[in-house]
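Coordinate inspection notes
Chain by chain, the residues run as shown.
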Amino acid sequence: MAELEGLEFGKSDFVLLDEVTMEQFMDNLKLRFEKGRIYTFIGEVVVSVNPYKHLDIYGKEVIEDYRGRELYENPPHLFAVADAAYKAMKRRAKDTCIVISGESGAGKTEASKYIMQYIAAITNPNQRAEVESVKNVLLKSNCVLEAFGNAKTNRNDNSSRFGKYMDINFNFNGDPTGGHINNYLLEKSRVVQQQDGERNFHSFYQVLRGGSDELLKSLYLQRDPAEYAYTSQGASVTLASNNDSLCHKAVMAALKVIGFTTEEISSIYKILSTILHLGNLQFTSDGEHVVLVGEDTVKHISELTSTEPENTRKALLYRTVATGGGEVIEKGHNEQEASYGRDAFAKALYERLFAWIVGRINSVIEVKDYNPALHGKNTVIGVLDIYGFEIFDNNSFEQFCINYCNEKLQQLFIELILRQEQDEYQREGITWQHIEYFNNQIIVDLVEQPHKGIISILDEACLTAGKVTDTVCLDSMNKKLGQHPHYTSRKLCPGDKTMEFNRDFLFYSPGFLDKNKDPLFQDFKRLMYNSSDHVLKEMWPDGKMSITEVTKRPLTAATLFKNSIIALVDKLACKEPYYVRCIKPNEVKSPLLFDDGRCQHQVAYLGLLENVRVRRAGFAYRQPYARFLQRYKMTCEYTWPNHLMSTDQEAVEAIVNQHGFEDDVAYGHTKLFVRTPRTLFTLEQERAALIPILVLFLQKVWRGALARMRCRKIRAIYTIMAHYKCYKVKAHFWEVERRFANVRNMADYGKSVEWPTPPAALMQFHRITQWWARQLIKNIPPSDMAEVRAKVAALSALSGERVDWGYSRAWERDYLANVSFSLGYSFRTLTLHIFTLIRHIKYSQVLFSCSVRMLNWFNNTKDRALLITDKHIYRLEPKKHFKVQKRISLDTVVGVSVTSGSDQMVALHTASQDDFLVHLQRGQLNPNQDRVGELVGSLTDHFTRSRISTMETVLLLSSSKRQKCHYLAQVSLDQ
């Protein structure tokens with residue numbers, strides 16, 4: 001900041017003054033105003049002087065200069081305090097508020113608009129549509145509220161005639177998600193009467209001068225404001241800064257952007273025109289009754305309010321009264337009562353219209369569907385733009401409430417900035433020189449103290465039965481408040497000629513009681529409630545009550561205002577405050593004139609000099625040790641990542657000592673106090689330089705952790721996949737086994753059975769195996785198929801039971817017919833005997849034949865021949881020309897037993913238990929030849945095929961038959 005602002009512009013922070021005196025303060029303030037530097041700091045408080053001219057210091061380039069920067073990096077500016085409030089809200093999730101205060105015409109409204117503009121510009125960098133919509137509504141709401149709530153006064157062309165506090169809600173990203181507007185005490189008396197040189201609310205002149213001809217025709221209006229009693233006073237007043245016609249177009253566009261419907265906009269302007277027509281109503285007396293002058297105006301009002309003309313006329317001329325006995329009578333007004341009722345009705349119409357507009361805007365900008373668990377903490381920045389002090393020649397009830405509000409806000413400033421700060425130093429044990437200041441709590445108590453305050457005395461007078469005048473009320477205040485040092489009246493101070501006897505107090509004029517009661521005849525409420533315009537009806541819910549319905553006396557206007565201001569102060573007190581103190585340099589709105597006396601009065605009242613003394617003698621920044629350590633521990637090697645010291649205070653001292661800030665800090669019991677912002681700024685710079693390094697480190701560690709977690713997940717996934725694939729493969733083979741379990745019993749050996757769909761892991765294997773099986777089978781000649789079938793049958797029976805069962809050689813099956821396998825018999829002799837045997841034996845196929853050796857009961861062995869056909873089993877005597885020694889029907893065979901060794905023992909079991917026990921001869925050419933597998937395979941294949949061919953239609957076999965067909969390759973080790 002020192003580099004950007006030279007000494008020729010004065011001190012940019014009043015804390016830097018050589019001496020804290022009023023003269024030096026005023027000299028510095030005046031110098032900066034004359035040099036075009038309208039903003040000056042007092043620590044974190046911004047003092048703003050109204051320049052009364054446009055300054056090019058609010059553009060996009062300036063906004064970028066202040067975005068994200070520390071408070072003292074740039075010259076003093078509204079944007080600096082707005083950014084500080086935004087950073088506090090975003091960094092620490094702390095609700096903040098910006099309180100803009102000062103006299104009327106000091107520039108509070110413009111300051112609030114620039115703050116809103118800055119917050120809108122620095123948020124939502126991703127241009128999310130829903131956030132942009134919220135920002136547009138928040139910004140456009142200012143335009144609408146200014147049109148309906150601001151007016152031209154003698155001090156200000158765009159004076160806020162209502163108080164506005166806006167809460168802006170932000171999500172955890174720092175983007176606005178909605179908001180809420182509270183309005184306080186609209187100056188509705190301005191609707192019917194203005195002081196000389198002032199205007200009614202802007203909205204009336206905008207619709208008259210900016211509305212289209214068609215619109216004015218539909219509203220029965222003329223373009224000249226002088227034609228209407230309520231606007232004629234300000235008709236000749238011109239505004240240097242505003243063009244009513246252009247403003248009307250801007251307001252219409254803003255209403256549409258906010259979301260007002262065409263019907264609602266039409267109702268708004270109908271109400272405005274109704275008020276203007278009401279002002280032109282005249283009443284005259286015909287002796288006994290009061291009559292209206294100009295029935296056409298009544299018809300226009302009825303049409304614009306969607307009511308019956310007769311009901312409108314009766315509400316203006318009569319008042320419905322309920323007697324004690326429940327009887328309802330109509331009491332006619334006199335001229336004064338009729339005029340009073342007309343004006344009260346016009347004021348109430350405008351007040352309720354304004355309240356409805358604020359409520360309608362709130363319904364659009366309120367945060368919807370908010371869930372803290374889902375959306376995170378909802379933080380708030382509050383912006384308070386409220387009317388400033390007003391001291392006129394004639395000060396009415398509105399000025400009393402306005403000035404009470406400012407006293408209350410000043411008391412909050414004293415509470416937060418002056419008293420609490422000094423109390424905190426004492427509480428924390430910090431050496432401190434007490435600063436004297438004026439505490440205006442005594443003024444606040446004078447106004448709001450229960451039973452003794454001015455508001456309580458006013459309420460008591462309003463509730464007193466009978467006719468109570470302002471004079472009677474003033475006497476009551478003189479009696480109860482006569483000893484108060486800050487209360488005076490002409491009776492108590494006869495020499496003060498600025499006040500009138502029995503009329504004025506504290507520069508305030510009469511009329512308080514009526515405005516405090518704020519009476520409005522119930523007839524008007526019922527008239528508006530019964531309107532067919534639903535927008536108008538919505539504004540008057542109390543019109544639903546019957547005239548005979550007894551209700552509780554409503555609170556007075558002063559009490560309602562007091563309650564709302566107390567609630568506002570409580571709301572501000574729970575937020576971290578930032579202040580903009582506005583000063584009005586002169587009364588003539590000149591950009592060149594600096595009225596020293598006028599400005600000095602404002603500086604004194606705002607307590608700015610005491611604020612400088614407190615800030616100068618105290619500490620600019622304070623933070624609990626734990627929070628300070630959490631934010632800056634990475635700047636010290638002894639505290640990062642976690643310190644090993646006994647307390648957080650010792651760790652904070654290590655950070656301070658390492659940076660050499662020992663002389664600029666003080667250690668409290670629970671907090672660290674930093675005297676100058678430069679120390680904090682240096683720490684923030686170092687922290688900002690370290691954050692990217694730490695982020696990279698954390699990213700590296702986190703990425704490694706994520707990679708390891710991902711690796712473990714992948715390993716687990718692959719493990720699961722492997723087991724699942726294994727299961728699918730097993731399940732596939734289980735299904736294959738189930739489907740092909742009985743194919744050996746089928747005529748086509750399972751050719752018609754459909755293979756199950758294999759899993760993905762077996763898809764290629766399945767295709768290859770099926771293809772290879774087909775390749776193998778198609779190359780086998782038909783003459784060898786019997787041998788293949790026999791080997792397959794032997795495999796299923798002997799696999800895993802017998803090591804060698806002859807699968808690797810060619811099977812002859814009928815060895816007796818092959819001379820190479822005969823046992824010493826000549827081919828001629830053997831052939832002769834075999835053919836002789838064939839003539840006597842009836843069979844169609846020889847299943848197996850070979851030479852065997854028999855073992856009898858006497859342990860003697862003899863050479864024999866075994867011939868197995870498809871009908872019988874024969875035991876032949878080779879030496880007797882192959883005489884049939886024994887014959888057994890093949891159907892009686894129930895099983896075959898072989899050993900698990902390499903011997904050639906075979907037991908043929910029959911149903912009659914007349915078993916065969918033979919030893920198969922291997923032959924002379926191949927002494928190691930195994931023929932057991934050949935015998936078992938031939939029999940198995942035969943039994944399987946014969947069962948299928950003879951019982952094609954039978955699905956279930958008898959127990960004995962199944963036992964026969966399902967041969968058992970039993971292990972008979974003992975035989």
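Residues numbered from 1 in each chain as written. Predicted model: local features only at pLDDT ≥ 70, side-chain atom pairs only at ≥ 80, totals over all residues. Heavy atoms only, no water.

**Section: the overall build of the chain**
- The secondary structure content of the chain amounts to 31 helices and 24 strands.
- Looking at the chain residue by residue over its 975 residues, the buried ones come to 50%.
- Considering only residue pairs separated by 6 or more positions, the chain has 64% of its internal contacts joining residues 24 or more positions apart.
- Carbon and sulfur atoms make up 53% of the accessible area of the chain, which totals about 48,800 Å². (Helix = DSSP H or I, 4+ residues; strand = E, 2+ residues; numbered from the N terminus. Buried < 20%, exposed > 50% of the residue type's maximum accessible area, 1.4 Å probe, protein only. Contact = heavy atoms within 4.5 Å. Areas by Shrake-Rupley, 256 points an atom, 1.4 Å probe, with all protein chains shown as cover.)

**Here's the deal with the pairing of strand 21 (residues 893–898)**
- The buried fraction of strand 21 is high, at five of six residues.
- With five bridges joining them, strand 21 and strand 22 (residues 905–910) adopt antiparallel strand pairing. Considered in strand 22, the bridge of Ser897 is made with Ala907.
- Taking the residues between adjacent antiparallel strands as the criterion, strand 21 and strand 22 are bridged by six residues. (Pairing = 2+ DSSP bridges.)

**So, the sheet that holds strand 15 (residues 665–667)**
- A sheet is described by the order of its strands in space; here three strands give the open sequence 14-16-15, paired in antiparallel fashion. Strand pairing shows two members of the sheet lacking a second neighbour, strand 14 (621–624) and strand 15, which therefore form its edges. Taking each pair of neighbouring strands and ignoring which way they run, the sheet shows an average axis angle of 20°.
- Against the sheet, helix 24 (residues 625–632) makes contact with strand 14, strand 15 and strand 16 (671–674), and its axis sits at roughly 100° relative to strand 14, the strand it touches most.
- Contacts from helix 25 (residues 648–659) reach strand 15 and strand 16, with the element oriented near 165° to strand 15. (Axes fitted to C-alpha atoms, helices over the stretch in contact; angles between N-to-C directions.)

**A closer look at the side chain of Ser897**
- Mapped onto the fold, Ser897 is located in strand 21.
- The class for Ser897 is buried, based on a relative accessible area of 4%.
- Reaching out from Ser897, the side chain makes a polar contact with the side chain of His909 at a distance of 2.6 Å. (Polar contact = N/O pair within 3.5 Å; in protein donor to acceptor, adjacent residues only side chain to side chain.)

**Comments concerning the pattern of salt bridges**
- As enumerated under the stated definition, the model contains 39 salt bridges in all.
- In this structure, the salt-bridge partner of Arg223 is Asp213, at a minimum N-O distance of 2.7 Å. Pair noted here: Arg223 is in the loop between helix 7 (213–218) and helix 8 (244–258) and Asp213 is in helix 7, with a separation of ten residues, a long-range link. (Salt bridge = Lys/Arg side-chain N within 4 Å of Asp/Glu carboxyl O.)

**Topic: the sheet that holds strand 2 (residues 45–49)**
- Strand order in the open sheet formed by seven strands is 1-2-13-3-12-6-7, and the pairing between neighbours is mixed. Only two strands of the sheet have a single neighbouring strand rather than two, namely strand 1 (39–42) and strand 7 (176–184). Across the sheet, the mean angle separating the axes of adjacent strands is 20° when strand polarity is ignored.
- Here seven bridges tie strand 6 (residues 163–170) to strand 12 (residues 379–385), and the two strands are oriented antiparallel to one another.

**Section: the packing of helix 1 (residues 22–34) against helix 22 (residues 596–606)**
- Their axes nearest at 11 Å, the elements helix 1 and helix 22 cross at an angle of 115°. Along this stretch, helix 1 crosses helix 22, giving a crossing that reads as right-handed. In this structure, helix 1 contributes Met22, Phe25, Met26, Leu29 and Lys30 to the contact, and helix 22 contributes Asp596, Cys599, Gln600, Val603 and Ala604.
- When its residues are assigned to classes, the contact of helix 1 with helix 22 shows seven nonpolar, one polar and two charged. (Left-handed = near helix turned anticlockwise from the far one by under 90°. Nonpolar A, V, L, I, M, F, W, Y, C, P; charged D, E, K, R; others polar.)

**Quick word on the environment of Val852**
- Looking at the element boundaries, Val852 is found in strand 17 (residues 846–855).
- Val852 gets classed as buried once you look at its relative accessible area, which sits at 1%.
- Along the primary structure Val852 and Lys862 are separated by ten residues, whereas in three dimensions their C-alpha atoms are 8.5 Å apart.
- Residues within four places of Val852 in sequence aside, it is in contact with Lys862, Asp863, Arg864, Ala865, Leu866, Val918, His919, Leu920 and Gln921.

**Concerning unusual backbone geometry**
- Despite not being glycine, His451 has its phi angle at roughly 70°, a positive value.
- Counting through the fold element by element, His451 comes out in the loop between helix 15 (441–448) and helix 16 (454–463).
- The backbone of Lys589 sits at a positive phi, close to 60°, despite the residue not being glycine.
- Along the chain, Lys589 falls in the loop between strand 13 (576–583) and helix 22.
- With relative accessibility at 24%, the residue Lys589 sits in the partly exposed group.

**Some remarks on the pairing of strand 23 (residues 916–920)**
- Only one face of strand 23 is buried: it carries Phe916, Val918 and Leu920, and the other face, with Leu917 and His919, is open.
- Where strand 22 hands over to strand 23, the hairpin turn is made up of five residues, of which Gln913 adopts a positive phi near 60°.

**Section: the confidence of the model for the chain**
- For the chain, per-residue confidence averages 82 on the pLDDT scale, and residues scoring 70 or more make up 86% of the total.
- Per-element confidence in the chain ranges from a low mean pLDDT of 29 for strand 24 (residues 969–971) to a high of 95 for helix 9 (residues 262–279).
- Here residues 951–975 is a poorly scored stretch, pLDDT under 50, and it has 33 contacts once near neighbours within four places are set aside; other chains count. (pLDDT = per-residue confidence, 0-100.)

**Notes on the packing of aromatic side chains**
- Evaluation of the coordinates by the stated rule reveals 21 aromatic pairs.
- Centroid distance Phe345 to Phe524: 4.4 Å. Interplanar angle 15°. Geometry classified as stacked. Residue Phe345 is located in helix 12 (residues 335–365), and its partner Phe524 is located in helix 19 (residues 522–529); the two are separated by 179 residues in the primary sequence.
- Ring centres of Phe740 and Trp755 lie 4.8 Å apart, and the angle between their planes is 50°; this geometry places the pair in the tilted category. You can see Phe740 sitting in the loop between helix 26 (677–739) and helix 27 (760–778) and its partner Trp755 sitting in the loop between helix 26 and helix 27, a full 15 residues away along the chain.
- Phe740 gets classed as buried once you look at its relative accessible area, which sits at 17%.
- On the basis of relative accessibility, which here comes to 40%, the residue Trp755 falls in the partly exposed class.
- Three or more aromatic residues link up through ring pairs in this structure, and these residues are Tyr58, Tyr66, Phe79, Tyr114 and Tyr118.
- Stacked on the ring of Phe260, the Lys or Arg Arg360 has its end atom at 5.4 Å from the ring centre.
- The cationic tip of Lys791 hangs over the ring face of Trp811; the distance from NZ or CZ to the ring centre is 5.5 Å. (Phe/Tyr/Trp six-rings, centres within 6.5 Å; stacked < 30°, edge-to-face > 60°. Lys NZ or Arg CZ within 6 Å of the ring centre and 35° of its normal.)

**Some remarks on helix 28 (residues 785–798)**
- Over its 14 residues, helix 28 runs 20 Å from end to end, which matches the ideal 20 Å to within 8%, given 1.5 Å per residue.
- Listing the buried residues of helix 28 in full gives Glu787, Ala790, Lys791, Ala793, Ala794, Ala797 and Leu798. The buried residues of helix 28 occupy one face: seen down the axis, they fall within an arc of 160°.
- Phi turns positive one or two residues past the end of helix 28, at Gly800, with a value near 85°. (Expected span 1.5 Å × (residues − 1). Arc of directions from axis to C-beta.)

**Description of the packing of helix 6 (residues 202–210) against helix 9**
- Interhelical geometry of helix 6 versus helix 9 gives an angle of 100° and a closest axis separation of 11 Å. Between helix 6 and helix 9, the angle falls in the class roughly perpendicular. Judged by residue contacts, Ser203, Phe204, Val207 and Leu208 of helix 6 engage Tyr269, Leu272, Ile275 and Leu276 from helix 9. (Parallel < 35°, antiparallel > 145°, perpendicular 65-115°, else oblique.)

**Thoughts on a nonpolar patch on the surface**
- A cluster of nonpolar side chains, Ile714, Ile717, Tyr718 and Met721, forms an exposed patch at the surface whose accessible area comes to about 390 Å².
- For Ile714, a relative accessible area of 39% puts it in the partly exposed group. (Patch = residues over 30% accessible without salt bridge, like charges linked within 9 Å, V, L, I, M, F, W, Y side chains within 5 Å.)

**Digging into the environment of Ala111**
- Mapped onto the fold, Ala111 is located in helix 4 (residues 108–122).
- Ala111 sits in the buried class, given a relative accessible area of 2%.
- Excluding residues that lie within four positions of it along the chain, Ala111 makes contacts with Leu78 and Ile100.

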